[in-house]
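Architecture and fold: a report
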Number of protein chains: 2
Amino acid sequence: MSNIEKPPLAAAFKALSNPHRLTLFNRLLNCCEPGTRCDAASATRFCVGDLGEGLEIAPSTLSHHLKELNRAGLVEMARKGKRVECWVEPEKLKTLSQFFQPNPP
Amino acid sequence: MSNIEKPPLAAAFKALSNPHRLTLFNRLLNCCEPGTRCDAASATRFCVGDLGEGLEIAPSTLSHHLKELNRAGLVEMARKGKRVECWVEPEKLKTLSQFFQPNPP
DNA sequence: CCCATAATTCGAAATATGTCGAATATTGAA
DNA sequence: TTCAATATTCGACATATTTCGAATTATGGG
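Figured I'd write up the structure that's included with this text. (Residues numbered from 1 in each chain as written. Chains lettered and ligands numbered in written order. Predicted model: local features only at pLDDT ≥ 70, side-chain atom pairs only at ≥ 80, totals over all residues. Heavy atoms only, no water.)

**Focus: the overall build of chain A**
Broken down by element type, chain A carries five helices and three strands. For chain A, the sequential pattern of α-helices and β-strands runs α-α-β-α-α-β-β-α. Principal axes of the C-alpha set define a box for chain A whose edges measure 45 × 45 × 20 Å. Counting only residues that meet the buried cut, chain A has 40% of its 105 residues in that class. (Helix = DSSP H or I, 4+ residues; strand = E, 2+ residues; numbered from the N terminus. Buried < 20%, exposed > 50% of the residue type's maximum accessible area, 1.4 Å probe, protein only.)

**Section: the nonpolar core**
Ranked by size, the top nonpolar core spans 52 residues in total, and within it F25 and L74 of chain A together with F25 and L74 of chain B carry the most contacts. Setting aside residues no more than four positions away along its own chain, F25 of chain A makes contact with L16, L69, L74, V75, V88 and L93 of chain A together with F99 and F100 of chain B. (Core = buried A, V, L, I, M, F, W, Y, C linked by side-chain atoms within 4.5 Å. Contact = heavy atoms within 4.5 Å.)

**Structural notes on the sheet that holds strand β2 (residues 76–80) of chain B**
All names here are of chain B. Within the open sheet, the three strands sit side by side as β1-β3-β2. Their pairing is antiparallel. Edge positions in the open sheet fall to β1 (46–47) and β2, since each of these has one partner strand only. The pairing of β1 with strand β3 (residues 83–87) spans two bridges and is classified as antiparallel. Looking across to β3, one finds that F46 is bridged to C86. (Pairing = 2+ DSSP bridges.)

**Comments concerning the interface of chain B and chain A**
In many reports, interface size means the accessible area that the parts give up when they come together. In this assembly, 33 residues from chain B lie in contact with 33 residues from chain A. Of the roughly 2,600 Å² buried between chain B and chain A on both sides combined, carbon and sulfur atoms contribute 71%. On the chain B side of the interface with chain A, the three residues burying the most area are P19, F100 and N103 of chain B, jointly 24% of the side's total. At the junction of chain B and chain A, the tally comes to three residue pairs in polar contact (both at pLDDT 80 or more). Mapped onto the side of chain B that touches chain A, the elements with two or more residues apiece are α1 (8–16), α2 (19–29) and α5 (90–99) of chain B. The biggest single contributor to the side of chain B that touches chain A is α2 of chain B, with six residues. (Buried area = accessible area lost by both parts, 1.4 Å probe. Polar contact = N/O pair within 3.5 Å; in protein donor to acceptor, adjacent residues only side chain to side chain.)

**Some remarks on the relation of the copies chain B and chain A**
Rotating chain B by 180° and moving it 0.0 Å along the rotation axis overlays it on chain A with an RMSD of 0.0 Å. Both copies of the chain, as the preceding transformation shows, are related through a two-fold rotation axis. Looking at the interface residues of chain B, 100% of them are also at the interface in chain A, so both copies use one shared face. (Least-squares fit on C-alpha atoms with pLDDT ≥ 70 in both.)

Written out as structure tokens, the structure is:
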């Protein structure tokens, strides 16, 4: 487990394996309005604090989880004034979705 | 982390978060021939031993990982004589694939 | 019935993860 | 500049995971 290849996909799934992180990701998942062309520019954004709303975890834990999602390449982050905005790149979703469709019809 | 809800999806992703398990799952993923209607009956099957081929892990570890994949609902298992066959239900793949497509076009 | 093959269970050890609180940064506003 | 709001880093601790080898179970063949 220490010197074997760790594919990016495994890292992504690890990030999503924690219920708290899965919830956070889920809140960013409906990133564009239904029926619209979903590009990075129109993706819904939440700041860190709002994302953790209702989840009863410490701010430090929330920060840690978002960082994990970011390191796994699932969530983008950018400071905007006092806040830090988070969003999901639609391209990333496509990649993950297609992993489970190895034989398209 | 002890008393919070643990959604089935989180369990699935946790199962796929380990590189060895991801490899095992991957070997079962191309479960049907390209272009054919992919149903459970025609899904490719491997026995436990063959699945672990090339992965340098102990039989007990291999068994453990398959059990995890099975418990997470990702891999089906059934004894067939001396062997135990493993396969992936196409329905499961559809569910996982759609999770990453919350806003279909 | 006895043996070989295939797979699982169990217990132990090393490592990784989730979580918190305290301390620290970063920014905008008064 | 000083303060409040937002977010991150750090160190610590409890719990979970990964892995192995030894022992055990399950099955079919001779």
